[in-house]
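# Understanding the architecture of this molecule
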Amino acid sequence: MVWKWIMEWAGLFAIVGLWLYACKWRRTVLERLFRYALASDREEDREELAGRAVMAGSRSARLLYALNSQELFDKARPIRPFLFGKIPCIFADYYFAQRYEDWLRTEQADFVQDVYAFKDGEEDCREYFARMFRMLFPEGGVTAVFMPCSTARRYYKRFGGIAAFLENEGYARSGLYLIRITEDRESKHTASRRSAVDTNNYVMSTELRGKRVVICDDLLTTGDSLFDYARNLERCGAEVAGAVFLARTFQMPSSSGIRWVAWKRRLAAWAGGKR
C-alpha cells in the first residue's frame, strides 16, 4: 500500500517536473528566437524569425513583428497614392514613436531621424518630396500650401527650404506666404490636452481663391488637422487637390491582429510550398 502511494506521488512529481522543464525550454526557445530577430537588420530575416516567435506565443515578438512588417497592417503604402477620406494623399515612409526606437531596423531609425531633422528645419528632405510630387502630380499646375505651425518662426524654418525647392524645380508653385501665422500657440505635440489647443492661429490670403492646392506637412496621424485645414482652404475658394506628407505615423495593431497576420502568412507559405 505504501509503495503504491509512493509510486503515485513519484509519477505526479515526474509529470510536474517534465511540465516545468518544457515551460523553461519553451521560454528559452522564444527568447532566442526574439533575440535573433532583434539582432538581424534584414527585413526578411526579422519577419521570418519574429513570425515564428509570434506563433510560438512570444509577446515581445508581436511588437517586433508589427514594427518590422508595418505594411502588413496598413492599407496605405509608402510612395503610393491613396485616399484619406476624399483627399488623395501620399507619404514617403513610416514614422515610429520614440518608445520604439530600440526596436527599429537601421533604415527605419535613419528615416525617423530625417523626420526630426525636417521638423527642426535642418533638412528639407527634397528627394522624398520630389518623388512624391512626381507620383501624385506628374502634370504639375498646383500650388503647395503648408500646414500652419505653432509659431511663425517654426513655420518658415520648417517649410521655407522645401517650398523654394518645389517652385524652383517646377513641381509646384510656392504658397508659403499665402498663409500668415498671426500668433504663437502651444505645439500640438507638447500640449497636455490637445482638444484645448487653439489651431486657428493663422489667416489665409484671398489669393487662394481659384487655386488648385496641395497640402504639405511632416506627419499624417489621425488626419483631423488635415481635414480641418482642407475645409478652411475650401472656404477661401481653393480646390484641395491632395496632400503630401513626409511620414505616416505607424499605428500599432492589436495583439490578436498581429497573431492572425503571422499565422495567415505562415499557413500561406506552407500551402505554397506543398504545391
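Here's a quick rundown of the structure. Remember, it's a predicted structure, so these values are computed and weren't measured experimentally.

### Structural notes on the overall build of the protein
Across its full length, the protein carries eight helices and eight strands. Counting across all 275 residues of the protein, residues that qualify as buried make up 43%. For the protein, the share of sequence-separated contacts (at least 6 apart) that also reach a separation of at least 24 residues comes to 70%. Accessible surface, the protein: about 16,100 Å² in total, of which carbon and sulfur atoms supply 52%.

### Notes on the pairing of strand β8 (residues 239–249)
Counting buried residues along β8, ten of its eleven residues qualify, which places the element largely inside the surrounding structure. Looking at chain direction, strand β2 (residues 87–95) and β8 are connected through six bridges and run parallel. Bridge pairing in β8 links Y94 to R248. As defined by bridge partners, strand β7 (residues 212–220) adjoins β8 across eight bridges and the pair is classed as parallel. Paired with C216 across the strands is V244, a residue of β8. One crossover worth recording links β7 to the parallel β8 by way of helix α7 (residues 224–235), and it is right-handed.

### Describing a negative patch on the surface
A contiguous patch of negative charge on the surface is contributed by D120, E122, E123 and E127. Judged by its relative accessible area of 59%, E122 is exposed.

### Let's talk about the nonpolar core
Nonpolar side chains tend toward joint burial in soluble globular proteins. Counting 77 residues, the largest nonpolar core has F129, F133, I215, L233 and V244 as its most contacted members. Every residue in contact with F129, bar those within four places of it in the chain, is listed here: F118, D124, I162, L166, D217, V244 and L246.

### Some words on unusual backbone geometry
Phi is positive for I79, close to 55 degrees, though the residue is something other than glycine. Assignment of secondary structure puts I79 in the loop between α3 (59–68) and β1 (82–84). Overall, the relative accessible area of 9% leaves I79 in the buried class. Look at C125: it is not a glycine, yet its phi comes out positive at around 50 degrees. Structurally, C125 can be placed in the loop between α4 (106–119) and α5 (126–136).

### Here we look at the sheet that holds strand β4 (residues 173–174)
Read from one edge of the open sheet, six strands run β1-β2-β8-β7-β3-β4, paired in mixed fashion. Strands at the two margins of the open sheet, each flanked by one partner only, are β1 and β4. Contacting β1, β2, β3 (143–146), β7 and β8, α7 runs over the sheet at an angle of about 160 degrees to β7.

Criteria and thresholds
- Residues numbered from 1 in each chain as written.
- Predicted model: local features only at pLDDT ≥ 70, side-chain atom pairs only at ≥ 80, totals over all residues.
- Heavy atoms only, no water.
- Helix = DSSP H or I, 4+ residues; strand = E, 2+ residues; numbered from the N terminus.
- Buried < 20%, exposed > 50% of the residue type's maximum accessible area, 1.4 Å probe, protein only.
- Contact = heavy atoms within 4.5 Å.
- Areas by Shrake-Rupley, 256 points an atom, 1.4 Å probe, with all protein chains shown as cover.
- Pairing = 2+ DSSP bridges.
- Right-handed = clockwise from strand over helix to strand, strands pointing away.
- Patch = residues over 30% accessible without salt bridge, like charges linked within 9 Å, V, L, I, M, F, W, Y side chains within 5 Å.
- Salt bridge = Lys/Arg side-chain N within 4 Å of Asp/Glu carboxyl O.
- Lys, Arg positive; Asp, Glu negative; His and termini not counted.
- Charge placed at Lys NZ, Arg CZ, Asp CG, Glu CD.
- Core = buried A, V, L, I, M, F, W, Y, C linked by side-chain atoms within 4.5 Å.
- Axes fitted to C-alpha atoms, helices over the stretch in contact; angles between N-to-C directions.

Remember, this is a structural readout, not a statement about activity or role.
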